[in-house]
Amino acid sequence: MNINFEGKRILVTGAGQGIGRELALRLSKYKGEVFALSKTEKNLDSLVTADPKIQPVCVDLRDWDATRKAIQNILPIDLLVNNAGVACLTPFLDATPEGFDLTFDVNVKAVLNVSQVVAKSMIERKSGGSIVNISSQAGQAALKDHAVYCASKGALDMLLKTMALELGPHNIRVNAVSPTVVMTEMGKLGWSDPQKAQEMISKIPLGRFAEVDEVVDPIIYLLSDRSSMINGACLLVDGGFVAC
Ligand code: NAP
């Protein structure tokens, strides 16, 4: 697939580490003008050291007004990836209001906020665009100790469908990539215990977790014009976990 994002301004949230960081580097390699948003300055510094063409945006997505202001400063954006996410893992009976609020603030509410600012500008410019949310297999299947995280990704998937419905007429496509476990810092939170990891792997027909690049490739496809008729889709990157 010959991909070239020359002339495109691309915003990736949660680009300080993990999937978002690798995605930002790849999009820049494909000649996109990349804006990397994250909350920890040192992670962004390290990303910019790796690729000085990437422009950092340091803001906490839990701060609604600061986030809107930060994004208004970098408009127009042609392509958006809502990748930032958190996981507070506890048994259902131990889930706390603080964990719930943090999870929904970052995984759901911030997606609404960021996408509103970006999509309003796309509509004003009549430019169209593509938005990709990073969801999870956890939005479609129950995982032990993931009650709040699963609920947040389920909510994100319904938000996606309504965005696809309302933004589609403006030629803005909205899709999601829904990975299985990837061994980033977040992946290690839930799956470092070899017994838990093995239990999960045994339910994945391909018999392994996903690599970061295996998640980045479908995101790039959904951002690109190669997916020009795909809107409202949640693309599972789960080795067949949800199907079985
Ligand atoms: P990660 O390594 O923990 O990275 C998460 C990124 O999100 C970090 O850069 C972090 O910022 C940023 N972030 C978190 N809260 C933020 C906030 N309040 N404001 C701004 N930035 C914030 O996670 P990952 O594994 O790459 O996950 C990326 C996405 O994939 C998430 O949506 C996650 O739910 C999803 N996913 C992950 C897995 C997995 O197993 N890893 C599986 C399925 C889906 P800092 O750099 O500042 O800490």
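Structural data are supplied above this passage.
This is a predicted model, so every value here is computed, not measured. Note that residues are indexed from 1 along each chain, following the sequence as it is written. Whole-chain, interface and lining totals are the exception, using all residues; otherwise, since this is a predicted model, local features are given only for residues with pLDDT of at least 70 and side-chain atom pairs are given and counted only at 80 or more. Each side-chain value is worked out from all heavy atoms of the structure, with water and hydrogens disregarded.

Colleague: Mind showing me how you'd approach the packing of aromatic side chains here?
Modeller: The description of two aromatic rings rests on the distance between their centres and on the angle between their planes. Note on aromatic contacts: the rings of Phe and Tyr and the six-membered ring of Trp form a pair at centre separations within 6.5 Å, being stacked when their planes are under 30 degrees apart, edge-to-face when over 60 apart, and tilted otherwise. Tallied over the full model, the rule gives one aromatic pair. An angle of 15° between the planes, with centres 4.3 Å apart, marks the rings of Phe 100 and Phe 104 as stacked. Here Phe 104 and Phe 100 lie together in helix 4 (residues 97-125), a separation of four residues that amounts to about one turn. Its relative accessible area of 37% is what places Phe 100 among the partly exposed residues. Numbering of helices and strands runs from the N terminus; a helix is a DSSP stretch of H or I covering at least four residues, while a strand is a stretch of E covering at least two. Exposed residues in this analysis have more than 50% of their type's maximum accessible area, buried residues have under 20%, and partly exposed residues fall in between, with area computed by a 1.4 Å probe over protein chains only.

Colleague: Looking at this structure, how should I read the side chain of Thr 103?
Modeller: Among the secondary structure elements, Thr 103 is positioned in helix 4. In this structure Thr 103 touches Val 86, Cys 88, Val 108, Val 148, Tyr 149 and Ser 152, once residues within four positions along its chain are discounted. Contact criterion: two residues are considered in contact whenever any of their non-hydrogen atoms come within 4.5 Å of each other.

Colleague: Mind showing me how you'd approach the layout of surface pockets here?
Modeller: The method is simple in principle: a probe with the dimensions of a water molecule rolls over the atoms, and the space it marks as empty is what remains. Roughly 920 Å³ of volume is contained in the largest pocket. Across the lining of the largest pocket, the residue classes tally to 19 nonpolar, 18 polar and five charged. Whether a set of points on the 1 Å grid over the protein atoms alone is a cavity depends on a 1.4 Å probe fitting there but being unable to get out, while an open set qualifies as a pocket with protein on both sides within 12 Å along at least five of seven lines; lining residues are those with an atom within 4 Å of a point. Grid points are joined across faces, edges and corners, and a volume is the space filled by probe spheres set on the points. Ten residue types, Ala, Val, Leu, Ile, Met, Phe, Trp, Tyr, Cys and Pro, are classed as nonpolar, four, Asp, Glu, Lys and Arg, as charged, and the remainder, Gly among them, as polar.

Colleague: Looking at this model, I keep getting lost on the nonpolar core. Mind explaining?
Modeller: Side chains that are nonpolar tend, in soluble globular proteins, to be buried together. If you look at the biggest cluster of nonpolar residues, it comprises 33 residues, and the most contacted ones within it are Leu 11, Val 118 and Val 174. Sorting the residues of this core by element identifies strand 2 (33-38), helix 3 (64-72), helix 4, helix 5 (147-167) and strand 6 (172-179) as the ones contributing at least two each. Counting residues per element, this core draws most heavily on helix 4, at ten residues. Here Val 174 is in contact with Ile 131, Leu 160, Met 163, Ala 164, Leu 167, Asn 231, Gly 232 and Ala 233, once residues within four sequence places are set aside. Residue types Ala, Val, Leu, Ile, Met, Phe, Trp, Tyr and Cys, when buried and joined through side-chain atoms within 4.5 Å, form a set referred to as a nonpolar core. Core analysis: the second largest hydrophobic core is formed by 29 residues, Ile 10, Leu 47, Ile 134 and Ala 210 among them.

Colleague: Would you explain the site of the ligand in this entry?
Modeller: Looking at the ligand, there are 31 residues lining it, with Thr 40, Asn 43, Asn 83, Tyr 149 and Thr 184 nearest. As used in this structure description, the phrase polar contact means that two N or O atoms lie within 3.5 Å; if the pair is within protein, one of them must be able to donate a hydrogen and the other to accept it, and residues adjacent in sequence are counted only when both atoms belong to side chains. Interatomic distance of 3.0 Å between a side-chain N/O atom of Ser 38 and an oxygen atom of the ligand. A distance of 2.6 Å is found between an oxygen atom of the ligand and a side-chain nitrogen or oxygen belonging to Tyr 149. Areas reported here follow the Shrake-Rupley algorithm with a probe of radius 1.4 Å; residue values treat only the protein chains shown as occluding. Across the complex, the protein chains shield 94% of the 910 Å² of accessible surface that the ligand would expose by itself. According to the grid-proximity analysis, the pocket containing the ligand is the largest pocket. When contributions to the shell around the ligand are tallied by element, the ones reaching two or more residues are helix 1 (18-29), helix 5 and helix 6 (185-191). Per-element tally for the shell around the ligand: the top contributor is helix 6, with three residues. A class-by-class count of the residues in the shell around the ligand yields twelve nonpolar, 14 polar and five charged. We call a residue near a molecule or strand as soon as one heavy atom of that residue lies within 4 Å of the molecule or strand. Any molecule with more than half of its atoms within 2 Å of a cavity's or pocket's grid points is counted as sitting in it.

Colleague: Explain the pairing of strand 4 (residues 79-82) here, please?
Modeller: Side chains on a regular strand alternate between the two faces of the sheet. Alternating positions in strand 4 separate into two faces, Leu 79 and Val 81 on one and Leu 80 and Asn 82 on the other, with burial throughout. In this scheme, strands are said to pair when DSSP sees at least two bridges between them. Where strand 1 (residues 9-13) lies against strand 4, three bridges are found, and the strand directions are parallel. If you follow Ile 10 over to strand 4, its bridge partner there is Leu 79. Note: strand 4 against strand 5 (residues 129-134), four bridges, orientation parallel. Looking across to strand 5, one finds that Leu 80 is bridged to Ile 131. What joins strand 4 to strand 5 is helix 4, and the crossover it makes is right-handed. A crossover gets the label right-handed when its path from the first strand over the helix to the second runs clockwise, viewed with the strands pointing away from the viewer.

Limitation: the analysis is restricted to geometry and does not speak to function.
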